[in-house]
Amino acid sequence: VVSTQSTVSSGINAEYGEKNTTEIVEGVEYMDYVPKVWGPITALHLIALGTGGIKPCVSSFGGDQFQAHETGRMQRYFSMFYFSVNAGSMVATLLTPELRLMKCMDESTCYPMAFGVPAAFMIVAVIAFVLAGTWYAKVPPQGNPIVDVIQVTTSMFFGSEDPIEKYGEKKYKETRQLWRVLAVFIPLPFFWALFDQQSSRWVLQARRMNGNLSLFGEDFEIKPDQMQALNPIFILALIPVFEGGVYPLMKKVGLPTSATFRIILGMVITSCSFIICGFLQVAMEGKVSSYNEDHGTNFTFHNLPNQHQMHVLTQVPMIFVITCGEILTSITTLEFAYSYAPPSMKSVCQSLSLLTTAFGNLVVIIFNKVTEKMTYLFFMWAAIVLLAAVLQGFICKKIQGPLDEYKNNELEGKTDGVELKDKESGV
């Protein structure tokens, strides 16, 4: 079984993650020949190793293609980068199941095709990337920033010597800037804790909803997990709207459009999606009570027949709202991590920003033990992320000035040891 996160340079960037895990297990179950467990485990470790190198570097590498003063173009780049990721995700979501259902090798399913095609795309992507290598601006590595950060930080708090004299002003300034950037990341795990429950709590809610739909004289059933396909569709539709309409309108009416403000606004909007979800859950539980009163039955929320419940399409508004929050927070975090990171730590900051997602999953495990009642959980998470947004605002208010000062000094070529790219050569 071949497992890969595939990327197509011509605009398709297909990422599987959990989907690959599920398909590997299903593939093992349905094949007559059951491979050793090391096969799928090796594949998953290769995914972790490969994406650990790709994800933090690819966005930073794209940012390196712009001049330091091209902030507007860089912002659009990160939006289009996110657009391509979701385009690939949507294509993979639609294509992979169809390939899997093909018959091959005397089997009723074709997992070799389902995993082989993405692997072939990945090979094509690597070839295209190598062939175009001479066109890229390449920033040479500048040593091991992790070691520098540890040394300077230790000297700052525990050393007897002046860290500037010991390690130089450049490393000292870069280390302080890194810690400012990391301070902005502190509330982000709570955003991801809420956001990632689209594929868990929201699907559980959809399972108790009516998915029957008649369209053009045909009857369809919308599966609970199929509602999550709306997220990448909304992403593809809304990114151009935000770039061409929402952000210019915010500037026109005098609203801030800084990266930190967009992150905070996105967290607030994401919280609103769970408020909508909470009220929908209240309405669903009200449906159960009304049905029992009208029919003299004793159904519970978990066993009321789905055809008597709210329709699954009533989840569309909250999916739309959380997608708006994702565009504002997730895309902007990529931009922020690159724009404000010290020159030698661009990929490091991207890695740490991605790490907030992992911490978010841990937060879910902890807080979901508070109560098992879904209504309470939805409103609880909405309140948690609102508080995280307030914390984010407090942090940004304290450090926005120093963040901008360092960035402006870098832009003007005044930071010690930092030079702007040559405007004519683009290098």
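See the structure shown above.
Residues numbered from 1 in each chain as written. Predicted model: local features only at pLDDT ≥ 70, side-chain atom pairs only at ≥ 80, totals over all residues. Heavy atoms only, no water.

**Comments concerning the state of the cysteines**
Think of a disulfide as a covalent bridge from one cysteine sulfur atom to another cysteine sulfur atom. Note the cut-off: By convention in this document, the label disulfide applies to cysteine sulfur atom pairs within 2.5 Å. Each residue is assigned to one of three classes by its accessible area relative to the maximum for its type, calculated with a 1.4 Å probe on protein chains only: buried under 20%, partly exposed between the two thresholds, exposed over 50%.
For the structure shown, the criterion picks out one disulfide. With its sulfur 2.1 Å from that of its partner, C104 forms a disulfide with C110. An S-S torsion of about 105 degrees defines the bridge between C104 and C110 as right-handed. In this structure C104 comes out as buried when scored by relative accessible area, which is 18%. By relative accessible area, which is 4% here, C110 ends up buried.

**Observations concerning the environment of K407**
Spelled out, the test is: Helix and strand labels come from DSSP, where a helix needs a run of H or I of at least four residues and a strand needs a run of E of at least two; each type is numbered from the N terminus.
By the element assignment, K407 lies in helix α14 (residues 374-411). The sequence separation of K407 and P343 amounts to 64 residues, and the corresponding C-alpha distance is 9.9 Å.

**Quick word on the pattern of salt bridges**
So the rule is basically this: Any carboxyl oxygen of Asp or Glu within 4 Å of a side-chain nitrogen of Lys or Arg constitutes a salt bridge here.
Taken as a whole and judged by the stated rule, the model has five salt bridges. Among the salt bridges present, the one from E169 reaches K173, with a minimum N-O distance of 3.1 Å. On the criterion of helical spacing, the pair formed by E169 and K173 is a turn pair, its members being four residues apart in helix α7 (residues 169-185). When the shortest N-O distance is used, the salt bridge between E285 and K373 registers 3.6 Å. With E285 in helix α11 (residues 259-295) and K373 in the loop between α13 (346-367) and α14, this residue pair connects regions lying 88 residues apart in the sequence. For K373, a relative accessible area of 34% translates into the label partly exposed.

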